[in-house]
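# Architecture at a glance
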Amino acid sequence: MNWIIKKIVGSKNERDLKKMNPLVDKINVFDEEYKALSDEQLQAKTGEFKTRLQNGETLEDIELEAFAVVKNAARRLCGTVIDVIGHPLDWEMVHFDVQLIGGLAIHKGMIAEMATGEGKTLVATLPVYLNALSGKGAHVVTTSDYHSQRDSEWMGHLYKWLGLSVGCLKNMMPPPERRAQYLCDITYGTNSEFGFDYLRDNMAYSPEDMVQQLGHNFAIVDEIDSILIDEARTPLIISGPAPYSSTQYSELQPATARLVRRQRDLCTSLLKEAKELIAEGEEEEAALKLYQVFEGMPKNKQLMHMIENVKYRKLLEKTQMQMLADTRKDQARALRQELFFTIDEKGHDAGLTEIGCAELNPNDPEMYVLPDMVSAMAELDGGNDLSPEEIMEKRQAIQEDFAMRNERIHAVDQLIRAYSVYEKDVDYVVQDNQVMIVDEHTGRLMVGRRWSDGLHQAVEAKEGCKIERETQTLATITIQNYFRMYDKLSGMTGTAETEADEFHQIYGLDVMVIPTNRPVRRVDLNDQVYKTQREKFHAVIDDIKASHARKQPVLVGTVAVETSEVLSRMLRRENIVHNVLNAKNHAREAEIVANAGQPGAVTIATNMAGRGTDIKLGKTVVHLKQEDLQSKEFSLDSKTEGTTLRKLLQEKPCGLYVIASERHESRRIDRQLRGRSARQGDPGITRFYVSLEDNLMRLFGSDRISSIMEKLGIEEGEVLEHPWLNKSIETAQRRVEQQNFMMRKRTLEYDDVMNAQRGEIYGFRSEVLTSEDPREQLMHSVEQAVSTRAADAVALKSAEGLHEFIIWVNTTFPLGMNDEQLPAEKTTESLTACVMERVTDSYNLKARHEDTEALKRLERHMIIQAIDEHWQEYLRNMDSLRESVGLQAYGQRDPLVEYKREAYNLFMDLMDRIYEEIASAIFRSATSVEAIEEFFQSLNKMQARHPQASALAAATAQAAARPQGALPPGMGAPPPGMELPQPPQPIAPVRHDGPKVGRNDPCPCGSGRKYKKCCGAK
């Protein structure tokens, strides 16, 4: 039915394109009119548009005229020379009609999907110019610093001619320069630069240090699928040194390395037994041995070679399915317990077994087993022969033992993952004695990124590199939530259609597929499927040799760095000159890719390397007629030389030949690689080579291909090729894409919980930072602290509760209150109002002795310091919660629901602590020693009437008598012109990894009071 409807009314994309065509015609009419204008008159249009916007017109009112101005300006610049990153470049570009359609789609907040080479960089000039006219800033987000600088200089030639300013963000650029770039009409930069600037702005101590002062008005994301999908699983994090860093990775590495070797030997022995059992006809017993090897070392070379045989592969898969049944779970557990550790390859996880624990420390096998803390605590509570002090000591000892063992087990698990799951030159490379993560999608190094949770330290220990100190999160945001902050978001890419649902669900963005200016003349040959990687690689080399002999340029795409180096070694043996572009050789990326279209050129690159740089073909690479290539009617089905162009290209290949060494997990990445060939109507050919040993086929491939190869009796070296196989492989890719989408969606769901809280904190902080007079926020915070304490006192409904409230008030503020001064009606509101009246009077008295401007800076500093200190502690707690909440699933509870509930409680506790910190600081800080001494004299008069205030006065006087010192850790430098007496140092909090006690829970000391009123108040 859907097919019939589409035939009648067309697809949504076709209908959208039809709506755009009349607008394109109007743009071209305006363009014809503007040809009569002088350069000065055309340039004056920019000022005219700005004036019209200020007078109430909207961007939609001037949209078509603005697009025509940009197109006309591009035509007038033809023949001019620009210096782009030190290279002279001729401007030879004027917008095609399809590029105008792309610009209209982007301005409407859509994603324009345009094939490689269709001029997306030029398309962006249309909506960027239009949206920059508002004066609120337009951000162009690129995939690398190189593309940011290139495009800002290249397209900046057009913008500047039209009177707009252009900025470009660069790594390590100082804040004043960054601020200047953001104040330009148009700003180019990478997603990381924009995101980290946002986080740094919310860690600034003065408005002058904030750089994104124009806010988030409009953003165009170039290669939007790479940034908003591929990089979306990794949040942006600003880290600082953790207060505690484990040394156990280096200490446990030798023992773990021995354990991995023992496991390897065990798996070799199991495989030998399996082969003997198969020879004896005992296939069921052999299958159990294969199952054990797969659970212990799934990437074991002998195992992978063995299951190349379809019979043994099916035997293993059948056993795996059987072990998932409830009736076989005990047997599966027993088989796994015979190993030293188990590996979950899909989940990238590892875990010790009892035998592994004993192997690590034969003298004390229990060293790597977590104690039953709940039973130990219950046993302790059941004894009546210990004093409360002894019980507390034993509780602390139990918790410390649990924390120590937990940390040791965690370190071993991470080391096992480092040895058995994470591969060198696949997941990471080692450069300059540092472990550098390789982006699995782009093949580029992720400079500055580190795996969390101690995994990076484990890999460093494995490789013998310097183990860096563990870090803690100071500020974080996901890519998704950062870009959802923009008032209008849009983007462009060569491949977005396959991810259209995700773009719509997460970002509310629709995808419009823009037709090409000339027909696509690329022939996508069927995949060639081999049994083993060895056969596949030999076939790839033979294909490269044949293409190289006929001087056809070849681009070989690989998924991993390791594969690119294997193919490079094989080509060297064949004496074929070639370039390799991977994470180890990314410095010459643009240069290598730009020359990949020359006759006889062979380039090996990780799939995404060089994206954003066109591969232009050499003059002798194409043997077709020039008039055919220029025609907009000449397609693959057109007749030439007595046959169709499709058949001609298969018989006499020309243009760029793209060879992929394996299928990527994502169809989109494969489409991007194919798109490198046949740009702007050039001819080209692509082919994918696949083996049953490839990760995609091994982990997610169906049995269908294995069965076909078995039925056809495919022998080693023979190839299988058919369009149906392509669909079968794409089915496996869809499975992985769905799994990855759910991972990204889950990451976002967890971050959405924090996003509202982050907005609350950052909003509060920004309000204080930009306020002319922060006194209002200061007193509001104090009032919140007083109100919380008053509510607790009223809830106890006892004289003791009110007395404790009075003690807290007199300890915190110089009021000297007593029970008689409390209002007759003891409600939260009346108690709060009574205290706040006295606090305000006392603070006004203190303020009279302070310098007004310095006091404002001090008040602002007090609030921000309290926010930052407790927010960082909150982020640490949220990290711990995120790691542990998955265990809730064992209790048949949704981890996300539990995470939301716990996060809410933690956030309410965070706000209480911030308010109390501010309340405690307002009378313990001053702008100068003289000011606080004058305040003492006023306090002395108060003490004559209120002796209870003497405790606070003594503490404050003691602080003033100390020499001037630095602020407590985390406060940063004091504001200029301010002298701060060093406050009494707070007692360092005792942290442990045991069960957390909520502020309103009964205190574990056994007093019967709430924790926050007992031990939690100390």
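Residues numbered from 1 in each chain as written. Predicted model: local features only at pLDDT ≥ 70, side-chain atom pairs only at ≥ 80, totals over all residues. Heavy atoms only, no water.

### Considering the UniProt feature "binding site: ATP" (unreviewed entry) in the protein chain
- When the UniProt feature table is mapped to this numbering, "binding site: ATP" (unreviewed entry) covers Gln99, Gly117, Glu118, Gly119, Lys120, Thr121 and Asp614.
- Position of Thr121 relative to the elements: it lies in helix α6 (residues 120-123).
- Under the relative-accessibility criterion, Thr121 is labelled buried at 19%.
- Tracing the backbone shows Asp614 in the loop between β20 (602-606) and α27 (626-630).
- By relative accessible area, which is 29% here, Asp614 ends up partly exposed.
- Residues contacting Asp614, with those up to four places away along its chain left out, are Thr116, Gly117, Val593, Ala594 and Arg679. (UniProt positions renumbered as here; feature names shortened; annotations may be inferred. Helix = DSSP H or I, 4+ residues; strand = E, 2+ residues; numbered from the N terminus. Buried < 20%, exposed > 50% of the residue type's maximum accessible area, 1.4 Å probe, protein only. Contact = heavy atoms within 4.5 Å.)

### Comments concerning the packing of helix α2 (residues 12-34) against helix α5 (residues 97-107)
- Interaxial distance between α2 and α5 falls to 9 Å at its minimum, and their mutual angle equals 110 degrees. Taken as axis vectors, α2 and α5 run roughly perpendicular relative to one another. Like other packed secondary-structure pairs, α2 and α5 cross with a definite hand, here right-handed. Side by side, α2 and α5 meet where Leu17, Met20, Asn21, Leu23, Val24, Ile27 and Asn28 of the first sit next to Asp97, Leu100, Ile101, Leu104 and Ala105 of the second. (Axes fitted to C-alpha atoms, helices over the stretch in contact; angles between N-to-C directions. Parallel < 35°, antiparallel > 145°, perpendicular 65-115°, else oblique. Left-handed = near helix turned anticlockwise from the far one by under 90°.)

### Focus: the nonpolar core
- In this structure, Phe483, Phe503, Phe813 and Ile922 are the most contacted members of the largest nonpolar core, which totals 95 residues.
- Taken domain by domain, this core gets at least three of its residues from each of domain 1 (1-242 + 480-513) and domain 4 (755-943).
- Those residues within four positions of Ile922 in sequence are excluded, and the remaining contacts are Leu778, Val782, Phe813, Val839, Tyr843, Lys846 and Met862. (Core = buried A, V, L, I, M, F, W, Y, C linked by side-chain atoms within 4.5 Å. Domains from an automatic or database assignment.)

### What about the pattern of salt bridges?
- Summed over all chains, the structure comprises 39 salt bridges.
- Linking Glu916 and Arg789 is a salt bridge whose minimum nitrogen-to-oxygen distance equals 2.6 Å. Here Arg789 lies in helix α33 (residues 775-796) and Glu916 lies in helix α37 (residues 895-921), a separation of 127 residues in the sequence.
- Exposure remark for Glu916: the relative accessible area of 17% places this residue in the buried category.
- One continuous salt-bridge network, built from bridges that share partners, spans Lys45, Glu48, Arg52, Glu57 and Glu65. (Salt bridge = Lys/Arg side-chain N within 4 Å of Asp/Glu carboxyl O.)

### Brief notes about the pairing of strand β2 (residues 87-90)
- Where strand β1 (residues 81-84) meets β2, four bridges bridge the pair, whose relative direction is antiparallel. Its bridge partner being in β2, Ile82 is matched across the sheet by Leu89. (Pairing = 2+ DSSP bridges.)

### Thoughts on the environment of Gln431
- Its location among the elements puts Gln431 in strand β11 (residues 428-431).
- For Gln431, a relative accessible area of 23% translates into the label partly exposed.

### So, the packing of aromatic side chains
- Scanning the entire structure with this criterion turns up 17 aromatic pairs.
- For the ring pair Phe30 and Tyr34, a centre distance of 6.2 Å and an interplane angle of 25 degrees mean the geometry is stacked. In this pair, Phe30 and Tyr34 both sit in helix α2, four residues apart, roughly one turn of the helix.
- The class of Phe30 is partly exposed, set by a relative accessible area of 23%.
- Relative to Phe483, the ring of Tyr482 has its centre 5.1 Å away and its plane inclined at 75 degrees; by these criteria the two rings are edge-to-face. For the pair Tyr482 and Phe483, one class covers both residues: buried.
- Here a set of aromatic residues connected by ring pairs shows up, and it is made of Tyr198, Tyr482, Phe483, Tyr486, Tyr762, Trp871, Tyr874 and Phe907.
- One residue, Lys462, lies across the ring of Tyr419, its end atom 5.9 Å from the ring centre.
- Of note, Arg765 hangs over the ring of Tyr205, and the distance from its end group to the ring centre comes to 5.7 Å. (Phe/Tyr/Trp six-rings, centres within 6.5 Å; stacked < 30°, edge-to-face > 60°. Lys NZ or Arg CZ within 6 Å of the ring centre and 35° of its normal.)

### Some thoughts on the sheet that holds strand β3 (residues 111-113)
- As summarised here, the arrangement of the seven strands in space is β5-β6-β4-β7-β14-β3-β15, forming an open sheet in which the pairing is parallel. In this open sheet, the two edge strands, each paired with only one partner strand, are β5 (166-168) and β15 (511-513). Averaged over all pairs of adjacent strands, the angle between their axes in this sheet comes to 20 degrees, without regard to strand direction.
- Looking at chain direction, β3 and β15 are connected through three bridges and run parallel. When the sheet's bridge partners are listed, Ala112 is paired in β15 with Met512.

### Observations regarding the pairing of strand β24 (residues 683-691)
- Of all nine residues in β24, nine are buried; the element is thus mostly enclosed.
- Burial along β24 is two-sided: the residues Pro683, Ile685, Arg687, Tyr689 and Ser691 and Gly684, Thr686, Phe688 and Val690 are all buried.
- The sheet contact formed by strand β16 (residues 521-524) and β24 spans four bridges and is parallel. Pairing of Val523 across the sheet is with Ile685, part of β24.
- With three bridges joining them, strand β17 (residues 528-530) and β24 adopt parallel strand pairing. Of the residues in β24, the one forming a bridge with Gln528 is Tyr689.
- As judged from the five bridges shared by strand β23 (residues 656-660) and β24, these two strands associate in the parallel manner. Counterpart to Ile659 in the pairing with β24 is Arg687.

### A look at a negative patch on the surface
- Together, Glu276, Glu280, Glu282, Glu284 and Glu285 line one region of the surface with negative charge.
- Structurally, the position occupied by Glu285 is in helix α14 (residues 283-296).
- Overall, the relative accessible area of 41% leaves Glu285 in the partly exposed class. (Patch = residues over 30% accessible without salt bridge, like charges linked within 9 Å, V, L, I, M, F, W, Y side chains within 5 Å. Areas by Shrake-Rupley, 256 points an atom, 1.4 Å probe, with all protein chains shown as cover. Lys, Arg positive; Asp, Glu negative; His and termini not counted. Charge placed at Lys NZ, Arg CZ, Asp CG, Glu CD.)

### Quick look at the environment of Val438
- Position of Val438 relative to the elements: it lies in the loop between β12 (434-437) and α21 (455-463).
- For Val438, a relative accessible area of 8% corresponds to the buried category.
- The spacing of Val438 and Lys424 is 14 residues in sequence and 9.7 Å in space, taken between C-alpha atoms.

### A word on unusual backbone geometry
- For Lys551, which is not a glycine, the phi torsion comes out positive at approximately 65 degrees.
- In this structure Lys551 comes out as exposed when scored by relative accessible area, which is 51%.

### What to know about helix α13 (residues 248-279)
- With 32 residues, α13 should cover 46 Å at 1.5 Å per step; its first-to-last C-alpha distance of 46 Å lies within 8% of that length.
- Taken as a whole, α13 carries its principal kink of about 40 degrees at Pro254.
- Directly after α13, the chain includes Gly281, whose backbone phi takes a positive value near 85 degrees. (Expected span 1.5 Å × (residues − 1). Bend = angle between axes of the 7 residues up to and from the residue.)

### Points about the packing of helix α29 (residues 667-674) against helix α32 (residues 723-770)
- Across the interface, α29 lies against α32 with an axial gap of 9 Å and an inter-helix angle of 120 degrees. The angle between α29 and α32 places the two elements in the oblique class. Between α29 and α32, the residues in contact are Arg667, Arg668 and Asp670 and Glu730, Gln733, Arg734 and Glu737, respectively.
- Classifying every residue of the contact of α29 with α32 gives no nonpolar, one polar and six charged. (Nonpolar A, V, L, I, M, F, W, Y, C, P; charged D, E, K, R; others polar.)

### Re the confidence of the model for the protein chain
- Overall, the prediction assigns the protein chain a mean pLDDT of 82, with 85% of residues at 70 or greater.
- Low confidence marks residues 944-995, where pLDDT is under 50. Its contacts with residues over four positions away, or in another chain, come to 81 contacts. (pLDDT = per-residue confidence, 0-100.)

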